[in-house]
Amino acid sequence: MSDYPVQDNSAQHRFELLVDGEVGALATYRLRGDAVVILHTETAPEMRGRGLAGELARQTLDQIRDRGAKVVPSCPFFARYISEHPEYADLV
């Protein structure tokens, strides 16, 4: 289990990775049928270089899998993450 939980803030259509209760990284999305379209990923400037975006991607994809949904990685970071982690290829 990660020290940094990821929560789905559905009101703002984004997954948020929390660091000490603050949003350290986020991925915005929209729903399209049974798919989650990941639009954009960003990390707080002061928290870059700590692997938070990768952890955000991992936990986000795990949550999408747990829901039985698919993912459309429109965000280049998520597309690259999935290509480098073939265990998530079945979600696309």
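Residues numbered from 1 in each chain as written. Predicted model: local features only at pLDDT ≥ 70, side-chain atom pairs only at ≥ 80, totals over all residues. Heavy atoms only, no water.

(A) Region of interest: the sheet that holds strand 4 (residues 35-43). Within the open sheet, the 5 strands sit side by side as 1-2-3-4-5. Their pairing is mixed. The sheet is open, and its two edges are formed by strand 1 (6-9) and strand 5 (70-73), each paired on a single side. In this sheet, adjacent strand axes meet at a mean angle of 30° when their direction is disregarded. In the sheet, strand 3 (residues 22-32) pairs with strand 4 via 8 bridges, with the strands oriented antiparallel. Note on strand 4: the bridge partner recorded for Ala27 is Thr41. Against the sheet, helix 1 (residues 52-66) engages strand 1, strand 2 (14-19), strand 3, strand 4 and strand 5, with an angle of about 130° to strand 2. The sheet contacts of helix 2 (residues 76-84) involve strand 3, strand 4 and strand 5, and relative to strand 5 the element is tilted by about 120°. (Pairing = 2+ DSSP bridges. Helix = DSSP H or I, 4+ residues; strand = E, 2+ residues; numbered from the N terminus. Axes fitted to C-alpha atoms, helices over the stretch in contact; angles between N-to-C directions. Contact = heavy atoms within 4.5 Å.)

(B) Structural context of helix 1. For helix 1, which comprises 15 residues, the first-to-last C-alpha distance of 21 Å matches the rise-based estimate of 21 Å (1.5 Å per residue) to within 8%. Buried within helix 1 we find Leu52, Ala53, Glu55, Leu56, Ala57, Gln59, Thr60, Leu61, Gln63 and Ile64. Next to the buried residues of helix 1 lie strand 1, strand 2, strand 3, strand 4, strand 5 and helix 2. A positive backbone phi angle near 80° is found at Gly68, which sits one or two residues after helix 1. (Expected span 1.5 Å × (residues − 1). Buried < 20%, exposed > 50% of the residue type's maximum accessible area, 1.4 Å probe, protein only.)

(C) Representation of the side chain of Asn9. The residue Asn9 is located in strand 1 in this model. Overall, the relative accessible area of 17% leaves Asn9 in the buried class. Among all residues touching Asn9, those that are not within four sequence positions of it are Arg14, Glu16 and Tyr29.

(D) Broad picture of the packing of helix 1 against helix 2. Viewed as axis vectors pointing N to C, helix 1 and helix 2 meet at an angle of 75°, and their least axial separation amounts to 10 Å. In terms of their interaxial angle, helix 1 and helix 2 are classed as roughly perpendicular. The residues of helix 2 that touch helix 1, namely those facing Ala53, Gly54, Leu56, Ala57, Arg58, Thr60 and Leu61, are Phe77, Phe78, Tyr81 and Ile82. (Parallel < 35°, antiparallel > 145°, perpendicular 65-115°, else oblique.)

(E) Spatial organisation of the pattern of salt bridges. Tallied over the entire structure, the rule returns 5 salt bridges. Put simply, Arg67 and Asp8 hold a salt bridge, and the shortest N to O gap is 2.7 Å. One end of the pair, Arg67, is in the loop between helix 1 and strand 5; the other, Asp8, is in strand 1, and 59 residues separate them in sequence. Where Arg58 meets Asp62, a salt bridge forms, and the shortest distance between an N and an O atom there is 3.3 Å. Here Asp62 and Arg58 lie together in helix 1, a separation of 4 residues that amounts to about one turn. By relative accessible area, Arg58 is classed as partly exposed at 29%. Assessed through its relative accessible area of 25%, Asp62 is described here as partly exposed. (Salt bridge = Lys/Arg side-chain N within 4 Å of Asp/Glu carboxyl O.)

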